[in-house]
Amino acid sequence: MADHQVHDLTPEDVSSGIAEGRYLLVDVREPNEVAVEAYPDGVVVPLQSFDPASIPDPGGKQVVFACRSGRRSVTASQAAQAHGLPYDSHLAGGILAWKAAGLPTDTD
């Protein structure tokens, strides 16, 4: 999977892209992580049981993977590309960078 390119997107770009309807955020963290703190408007497809076919149809939006720190999202992007999907973007720095940028999260 190392031959698949993954593009880094900033939290600000992802946030504005979601707001503008350009991006579908796919959170690949595990359900227990998402239960504590989630991305607003994110779709959860856990990496541990990752199946690219379970990613919802983005409806013309660009799929952007996200996780806690940016490692699992790169893995998910590479796995999706290995299955022939054009999903080559991820949120660099994950939810840690998202929060550091002052962007909101959903918490219990």
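See the structure shown above.
K.L.:
Hey, could you run me through the sheet that holds strand β6 (residues 89–91) in this one?
P.N.:
Adjacent strands of a sheet pair through backbone hydrogen bonds, lying either parallel or antiparallel. Taken in spatial order, the 5 strands of this open sheet run β1-β6-β5-β2-β4, and their pairing is parallel. Among the strands making up the open sheet, the edge pair consists of β1 (7–9) and β4 (43–44). Note that strand β2 (residues 23–27) and β4 share 2 bridges and pair parallel. In the sheet register, V26 faces β4, and the bridge partner there is V43. Along the sheet, helix α1 (residues 11–19) contacts β1, β2, β5 (62–66) and β6; its crossing angle with β2, the most-contacted strand, is approximately 120°.

K.L.:
Before we go on, may I ask you to explain α1 in this structure?
P.N.:
Residues of α1 that are buried: P11, V14, G17 and I18. The buried residues of α1 occupy an angular sector of 130° when projected down its axis, which confines them to one face. Of the surrounding secondary structure, the elements contacted by the buried residues of α1 are β1, β2, β5, β6 and α4 (94–100). G21 occupies a position one or two residues after α1 and carries a positive phi of about 80°.

K.L.:
Please clarify how helix α3 (residues 71–82) should be interpreted in this entry.
P.N.:
Owing to its 3.6 residues per turn, the α-helix aligns residues three or four sequence positions apart on the same side. Between its first and last C-alpha, α3 extends 17 Å over 12 residues, near the 16 Å set by a 1.5 Å rise per residue. Where the residues of α3 are buried, they touch β5 and β6. After α3 finishes, the residue G84 shows a positive phi value of roughly 85°.

K.L.:
I keep staring at the pattern of salt bridges and nothing clicks. Help me out?
P.N.:
Close approach of charged atoms allows side chains with opposite charge to pair. Inspection of every chain in the model, using the stated rule, returns 5 salt bridges. We note a salt bridge from D27 to R29, for which the minimum N-O separation is 2.7 Å. Note on R29: relative accessible area 4%, which makes it buried. For E33, the salt bridge is made with R72, and the minimal N-O distance between the two is 2.8 Å.

K.L.:
Help me understand the side chain of R29 in this model?
P.N.:
Mapped onto the elements, R29 comes out in the loop between β2 and α2 (31–36). In this structure the side chain of R29 is engaged in a polar contact, spanning 2.8 Å, whose partner is the backbone oxygen of E37. Setting aside chain neighbours within four positions, we find R29 in contact with V34, E37, A38, Y39, V44, P46, A66, C67, R68, R72 and I95.

K.L.:
How should the side chain of D27 be read in this particular structure?
P.N.:
Residue position: D27 is located in strand β2. Leave out the neighbours within four places in its chain, and D27 touches V34, Y39, V43, V44, V45, P46, A66 and C67.

K.L.:
What exactly am I supposed to notice about the packing of aromatic side chains here?
P.N.:
When we look at a pair of aromatic rings, we describe it by the centre distance and by the angle of the planes. Taken as a whole and assessed by the stated rule, the structure comprises 3 aromatic pairs. With centroids separated by 5.4 Å and ring planes inclined at 85°, the aromatic side chains of Y39 and W98 adopt a geometry described as edge-to-face. One end of the pair, Y39, is in the loop between β3 (37–38) and β4; the other, W98, is in helix α4, and 59 residues separate them in sequence. Side by side, Y39 and W98 carry an identical accessibility label, which is buried. The structure contains a cluster of three or more aromatic residues connected by ring pairs, namely F50, F65 and Y87. Above the face of the Y23 ring, R22 is positioned so that its terminal group lies 4.9 Å from the ring centre.

Rules used in this analysis
- Residues numbered from 1 in each chain as written.
- Predicted model: local features only at pLDDT ≥ 70, side-chain atom pairs only at ≥ 80, totals over all residues.
- Heavy atoms only, no water.
- Pairing = 2+ DSSP bridges.
- Helix = DSSP H or I, 4+ residues; strand = E, 2+ residues; numbered from the N terminus.
- Contact = heavy atoms within 4.5 Å.
- Axes fitted to C-alpha atoms, helices over the stretch in contact; angles between N-to-C directions.
- Buried < 20%, exposed > 50% of the residue type's maximum accessible area, 1.4 Å probe, protein only.
- Arc of directions from axis to C-beta.
- Expected span 1.5 Å × (residues − 1).
- Salt bridge = Lys/Arg side-chain N within 4 Å of Asp/Glu carboxyl O.
- Polar contact = N/O pair within 3.5 Å; in protein donor to acceptor, adjacent residues only side chain to side chain.
- Phe/Tyr/Trp six-rings, centres within 6.5 Å; stacked < 30°, edge-to-face > 60°.
- Lys NZ or Arg CZ within 6 Å of the ring centre and 35° of its normal.

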